[in-house]
Amino acid sequence: DGTGLATGSLDGQIRFWDLASQQVVRILKVSDWSVSSLSFSPDGVYLAKGSNNNDLSKVMRVADGSDVFELGNFNGVQSTIFSPDGSVVAIAWVNYGSFQNGFMLMSNPQGNLISSFASPHIIGGLAFSPDGKLLASGCADGFVRIYGVP
């Protein structure tokens, strides 16, 4: 609704802020590791949380912090983002040991894998087009790659 903000931190906590008062209104401990990425669904009902150090990344309900579904365990999650209609969540991941990078698309709130894509380089950010039909990935090699969303 535009009145709040969520921040993740190295201590594994998500802080929910009221923008008008600039005060923390709730703290949710979600991990023993850092929270590397957060993204609200467009309707504000869900929050996608990315983590590092093989910690579980997931989608949760904003109202009570309960888990909706797991996004997976990865060495690093660089970005999480919902599609404009909220029906898809994208997660950019990296596995440092195997030097594999990519992103996957999952249905929201069901948590079914829609598609998975490999990337030649670490993805620093993801962005959906306004109609949700395209997904852009910004990579460590300086290139932006555009993918069609199934």
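Everything below is about the structure shown above.
Fair warning: this is a prediction, and the values are worked out from it, not measured in the lab.

### Some remarks on the environment of Gly72
Relative to the assigned elements, Gly72 resides in strand β7 (residues 67-73). Separated by 36 residues in sequence, Gly72 and Ser36 place their C-alpha atoms 14 Å apart.

### As for the environment of Ala118
Topologically, Ala118 is positioned in strand β11 (residues 113-119). Distance in space between the C-alpha atoms of Ala118 and Val94 is 9.9 Å, their sequence separation being 24 residues. Among residues more than four places away in sequence, those in contact with Ala118 are Asn101, Gly102 and Tyr147.

### A closer look at the side chain of Ser115
Along the chain, Ser115 turns up in strand β11. The exposure class assigned to Ser115 is buried, which follows from its relative accessible area of 17%.

### What to know about a nonpolar patch on the surface
Judged by side-chain polarity, Leu134, Val144 and Ile146 come together as a nonpolar surface patch covering roughly 290 Å² of accessible area. Residue placement: Ile146 occurs in strand β14 (residues 144-148).

### What to know about the packing of aromatic side chains
To describe a pair of aromatic rings, you give the distance between the ring centres and the angle between the ring planes. For the structure shown, the criterion picks out three aromatic pairs. Consider the rings of Phe103 and Tyr147, whose centres lie 4.8 Å apart with planes at 70°: the pair is edge-to-face. Here Phe103 is found in strand β10 (residues 100-107), whereas its partner Tyr147 is found in strand β14, with 44 residues between them in sequence. This pair shows no difference in class: Phe103 is buried, exactly as Tyr147 is.

### Brief notes about unusual backbone geometry
Negative phi characterises most residues that are not glycine, and trans characterises most peptide bonds. Looking along the chain, the bond that leaves Asn108 and enters Pro109 is cis, with omega of 5°. Structurally, Pro109 can be placed in the loop between β10 and β11.

### Quick look at the pattern of salt bridges
Applying the stated criterion to the full structure yields three salt bridges. Its salt-bridge partner being Lys58, residue Asp67 comes within 3.2 Å of it at the nearest N-O pair. According to the relative accessible area criterion, Asp67 is partly exposed, its value standing at 43%. Asp141 is the partner of Arg145 in a salt bridge, and the nearest nitrogen-oxygen pair spans 2.7 Å.

### Regarding the side chain of Ser34
As for its position among the elements, Ser34 is in the loop between β3 (23-29) and β4 (35-40). Assessed through its relative accessible area of 11%, Ser34 is described here as buried. Apart from the residues lying within four places of it in its own chain, the contact partners of Ser34 are Ser9, Leu10, Gly12, Gly50, Ser51 and Asn52.

Conventions used here
- Residues numbered from 1 in each chain as written.
- Predicted model: local features only at pLDDT ≥ 70, side-chain atom pairs only at ≥ 80, totals over all residues.
- Heavy atoms only, no water.
- Helix = DSSP H or I, 4+ residues; strand = E, 2+ residues; numbered from the N terminus.
- Contact = heavy atoms within 4.5 Å.
- Buried < 20%, exposed > 50% of the residue type's maximum accessible area, 1.4 Å probe, protein only.
- Patch = residues over 30% accessible without salt bridge, like charges linked within 9 Å, V, L, I, M, F, W, Y side chains within 5 Å.
- Areas by Shrake-Rupley, 256 points an atom, 1.4 Å probe, with all protein chains shown as cover.
- Salt bridge = Lys/Arg side-chain N within 4 Å of Asp/Glu carboxyl O.
- Phe/Tyr/Trp six-rings, centres within 6.5 Å; stacked < 30°, edge-to-face > 60°.

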